[in-house]
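Geometric and topological summary
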Amino acid sequence: MKKILIITTTVILLAISNVSAGTDGENSLSKKDSGQTKECFEKVNRGIFAFNQALDGAIFEPLAKGYRKLPIPIRRGTSNVVTNLSTLITVPNNLMQGEIKKAGENTLRFVVNTTLGILGIFDPASGLGFAELEREDYGQTLARWGVGEGCYLVLPVLGPSTARDAIGMLSGTMGGGDPWYNVTVKNDTQYFTDFDYYSSRATTGIDFRAKNIESFENLEQNSMDFYASVRSLYLQDRKQKIANSRKVTDTMDDGDWEEIESN
Amino acid sequence: MSIKKLLFKFSLVLILFSTLEVKSFSLEPKEFVQSVTNEASLILTKNFTKEQKIEKLKSIAKETVDIRGIGYYSLGVHRKNLSDVKKKEYLAVFESYFLKSFSSRLSEYTDPKIRVDSEKKLNEKYTMVSSTLLATEEKPEVKIDWRIVTKNPDKPLIIDVVIEGVSLAKVQKEEFNSIIQSNNGDINALLTSLKKFINE
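These numbers were taken from a predicted model, which means no experiment stands behind them.

What counts as what
- Residues numbered from 1 in each chain as written.
- Chains lettered and ligands numbered in written order.
- Predicted model: local features only at pLDDT ≥ 70, side-chain atom pairs only at ≥ 80, totals over all residues.
- Core = buried A, V, L, I, M, F, W, Y, C linked by C-beta atoms within 7 Å.
- Buried ≥ 20, exposed ≤ 12 C-beta atoms within 10 Å, placed from the backbone.
- Contact = placed C-beta atoms within 7 Å.
- Helix = DSSP H or I, 4+ residues; strand = E, 2+ residues; numbered from the N terminus.
- Pairing = 2+ DSSP bridges.
- Axes fitted to C-alpha atoms, helices over the stretch in contact; angles between N-to-C directions.
- Left-handed = near helix turned anticlockwise from the far one by under 90°.
- Nonpolar A, V, L, I, M, F, W, Y, C, P; charged D, E, K, R; others polar.

1. With respect to the nonpolar core
- Core analysis: the largest hydrophobic core is formed by 35 residues, its most contacted members being Phe-98, Trp-146 and Ile-148 of chain B.
- Once residues lying within four places of it in the same chain are set aside, the contact partners of Phe-98 of chain B are Ile-67 and Ile-70 of chain B.
- Listed in part, the 15 residues of the second largest apolar core include Leu-142, Val-154, Ile-167 and Met-169 of chain A.

2. What to know about the pairing of strand E2 (residues 126-133) of chain B
All names here are of chain B.
- The buried count for E2 comes to six of eight residues, which makes it a mostly enclosed element.
- Here seven bridges tie strand E1 (residues 114-121) to E2, and the two strands are oriented antiparallel to one another. Each residue of the ladder has a partner; that of Val-116, found in E2, is Ser-131.
- Joining the antiparallel neighbours E1 and E2 is a turn of four residues.
- For E2 and strand E3 (residues 142-149), the ladder comprises eight bridges, and the chain directions are antiparallel. By the bridge assignment for E3, Leu-133 is matched with Val-142.

3. Let's talk about the packing of helix H5 (residues 84-107) of chain B against helix H7 (residues 187-199) of chain B
All names here are of chain B.
- Contact geometry for H5 and H7: axes closest at 9 Å, N-to-C directions at 35 degrees. The interaxial crossing formed by H5 with H7 has left-handed handedness. Where H5 abuts H7, its residues Lys-86, Glu-89, Tyr-90, Val-93, Phe-94, Ser-96, Tyr-97 and Lys-100 lie against Ile-187, Leu-191, Leu-194, Lys-195, Phe-197 and Ile-198.
- Partitioning the contact of H5 with H7 into residue classes produces nine nonpolar, one polar and four charged.

Listed below in structure tokens is the structure:
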């Protein structure tokens, strides 16, 4: 894991140095998104993407398929547990984004699901009328603070990201912004070990992969350039999450469509 | 007029109306989307072979999707550099590509239940229709928005499908752009990839 972290950090540092070296300012981390994310290391990204695909084929996809064979209540319970844990990152980010009410609601949701829901296995909060959890992370907070996304990156094992999102993830976790990481890996508590953290992260990945087996297969089969399709999906999805918007008109630039008329 | 003739004419009118009801789509964008999704859902639910489903879905797409518009949109800035002859060639290849890609993506689904929720008119040309793919025991609900071209109010057409905020037309546009750019702006590379996909 340490090696992966070193590789990841090196790639991000390279991305940042590239951003700083740019003269056109398009990638400046201090600027807001221009709508077009720059590819600074396409060859490297494509190489890592191919590596990740091989890794997925050899490990994650078979694990996800095995996981799918588990009874639905077990999978639902597992999914609930990892979702509940993610609230621990969402709450500080709600606060940093000035969403005090949401932070309060999500804290209450976490308390209810951890106690009444037996460590998050069940989701009584939803039954009690709590709003659906909208996950937040440090990359989203940086974006809300006006930090541009920088270069598009594909991280080993972790997959698509941007310089901003990767910095957010690393600084948030290492900097003490992930309470679950703090009590498992960072601080030597008597109750949890490193294994608890890494296994929960792996389970989150497998749960996500298992929910999307058909979608990934379908996308791969119908893509002529799978790398480009995944990049587009990731970047659009991030923009939607950062905007916290479900308004249909916010999902795309209408100017794109007007171009067709002028042709 | 004899009773027989009258009955014959009456039956003829009835048959015509019933045919029209099956073949035509409603004109309001919201109803249009609901009727298209209902028809597609019916095909996917019925006991057809995969090939039969694909053929039926293709015929729905030909009637209800602005394939030419999506084709132009997917080309992005490269559209402006094309000669008329090349445009014609591209559109013909794109239609085959689109129908194959679209129908094979959809044919994997079984019994999808879509509820159309609302519509929002963006301008004279476009209306967004919001819908929800209902949750199953295995999967959560999915929000699907449809961009409808309403330039001709008598014949609305789908030009984009936005799944949980991700525009499929945009994904395609960026994929096409990537292929063209990685081949030094050569549109022929895209045409080759499209033809390869069609013949696979």
